Amino acid sequence: MKIAILDLGTNTFHLLIVSVNKKGEWKKIFKSKSVVKLGEGSDNLKIISEKAYHRGLKALVRYKKIIDKYNTKKVFAFATSAIRSSDNGIDFVNDVLKQTEIQIEIISGDKEAELIYYGVKQCVDLSKGKSLIMDIGGGSTEFIIADSHEIYWKHSYNIGAARLLQMFEPSNPITEYELKAIQSFLLKELKPLIQAVHLHKPEKLIGSSGSFDTFAEMIGYLFYKKNIIKGVKTYDFDFDEYKKLYDKILCSTDQQRKKMKGLVRMRVDMIVMAAICTTFVLEKTKIYQLSLSKFALKEGALYVVNESMK
């Protein structure tokens, strides 16, 4: 049986089509992502602008044609921060249903964190102690403290890279004053996270997909002149290399970042906020191990859907 999973994020819409056998084992048939930037032109994601709304609809009309082309029997679509927090998110969901017959489920931040966990669990070995999983989206960032057996704590914060960028509108390059203002904001927002880390004592930070893919690709080209994560599902960062990349990102301008290998155009501005948020969490939690999971929400959603059909 063929199953399609749609992960409708603030910046990017993802489509994953797989074939599932009778044992519940799946094989990728098609995978794609479209940059839609639903938060662009919006005041703190309170509404999806007309242009972004149109981009989102256009992407899903195109995805429906691909889904039909592969004769996919089951379609599951999950909407996250931008759609759940905007005033016209429901209108978007209804328009998608009318134009494509795709029924979108708007999931809570808690549910989003849970699906991310199940995605990471299929990709990374979580059996060696507790880990802190971090997923930086455009509108929200999810944190999960877990091991291979269970989730001990999870929370979704409205501190996605696009949202932070709109809130602080940093200079080019960012100033020390602006950096401290963002760090002060994060300290206030993330107090429950820091308390949870002190309680559960995770030993490793696992970044799922998105910005962490980008960090790894940038490090590969910066230090090894190649894409070091091509063909792999996980990657363990060298902490010193990550810190050097962080310093390089912070002192760079938009124009300089556009020339950096491994950094795609859509992340040129948001990578600054993603790096600040990641480094803040590492420093405040005193975690010095950083890993990448290429699996995230869509793989977690596939796992849950697959289990429910057994």
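Quick note: structure is the one above.
Trainee: Just checking my understanding: could you explain the nonpolar core for this structure?
Mentor: Taken as a class, soluble globular proteins show a tendency for nonpolar side chains to be buried jointly. Judged by nonpolar contacts, the single largest core of 53 residues is most densely connected at Leu132, Phe143, Leu190, Leu193, Phe215 and Ile276. Of the residues forming this core, the biggest block, 11 residues, is contributed by helix α11 (residues 270-285). Among all residues touching Leu132, those that are not within four sequence positions of it are Phe143, Ile144, Ile145, Leu193, Val197, Pro202, Lys204, Leu205, Ile206, Val281 and Ile287. Counting 26 residues, the second-largest nonpolar core is a separate cluster that includes Leu15, Leu38, Ala59 and Ile66.

Trainee: Help me understand unusual backbone geometry, please; the structure alone is not making it clear to me.
Mentor: If a residue is not glycine, its phi is most likely negative; likewise, a peptide bond is most likely trans. Residue Asn172 is joined to Pro173 through a cis peptide bond whose omega torsion reads 5°. Mapped onto the elements of the fold, Pro173 is located in the loop between α5 (161-168) and α6 (176-189). Positioned with a positive phi, Lys201 is a non-glycine residue whose angle comes to about 55°. Taking relative accessible area as the criterion, Lys201 reaches 59% and is therefore assigned exposed. The backbone of Ser209 shows a phi angle near 55°, a positive value even though the residue is not glycine. Relative to the elements of secondary structure, Ser209 occurs in the loop between β9 (204-208) and α8 (210-224).

Trainee: Please clarify how helix α3 (residues 89-100) should be interpreted in this entry.
Mentor: Think of an α-helix as 3.6 residues a turn; residues three or four steps apart then line up on the same face. For α3, spanning 12 residues, the distance from its first C-alpha to its last is 16 Å, which sits close to the expected 16 Å at 1.5 Å a residue. When α3 is considered as a whole, its buried residues turn out to be Gly89, Phe92, Val93, Val96 and Thr100. Taken down its axis, α3 places every buried residue within 100° of arc, on the same side. Across α3 from its buried face, at more than 90 degrees, point the exposed residues Ile90 and Lys98. The inward-facing, buried residues of α3 abut β2 (12-20), α1 (50-69), α2 (81-85) and β5 (104-106).

Trainee: I tried to follow the sheet that holds strand β6 (residues 131-136) on my own but got confused; where do I start?
Mentor: Paired through backbone hydrogen bonds, the strands of a sheet run either parallel or antiparallel to each other. Read from one edge to the other, the open sheet built from 6 strands follows the order β8-β7-β6-β9-β11-β10, with strand pairing classed as mixed. This sheet does not close on itself; its edge strands, each paired only once, are β8 (151-157) and β10 (234-236). Sheet twist, expressed as the average angle between the axes of neighbouring strands with direction ignored, equals 20°. Contacting β6, β7 (141-146), β9 and β11 (290-293), α11 crosses the sheet at an angle of about 165° to β6.

Trainee: Please clarify how the sheet that holds β5 should be interpreted in this entry.
Mentor: What the 5 strands build is an open sheet, ordered β3-β2-β1-β4-β5; its pairing is mixed. Strands with a single pairing partner mark the edges of an open sheet, and in this sheet they are β3 (26-35) and β5. Pairs of neighbouring strands in the sheet enclose a mean axial angle of 20°, with direction left out of account. With 9 bridges connecting them, β2 and β3 associate as antiparallel partners. Note that in β3 the partner of Leu15 across the bridge is Ser32. Contacts between α3 and the sheet are confined to β2 and β5, with β5 contributing the most and set at about 165° to the helix.

Cut-offs used in this document
- Residues numbered from 1 in each chain as written.
- Predicted model: local features only at pLDDT ≥ 70, side-chain atom pairs only at ≥ 80, totals over all residues.
- Heavy atoms only, no water.
- Core = buried A, V, L, I, M, F, W, Y, C linked by side-chain atoms within 4.5 Å.
- Buried < 20%, exposed > 50% of the residue type's maximum accessible area, 1.4 Å probe, protein only.
- Helix = DSSP H or I, 4+ residues; strand = E, 2+ residues; numbered from the N terminus.
- Contact = heavy atoms within 4.5 Å.
- Expected span 1.5 Å × (residues − 1).
- Arc of directions from axis to C-beta.
- Pairing = 2+ DSSP bridges.
- Axes fitted to C-alpha atoms, helices over the stretch in contact; angles between N-to-C directions.

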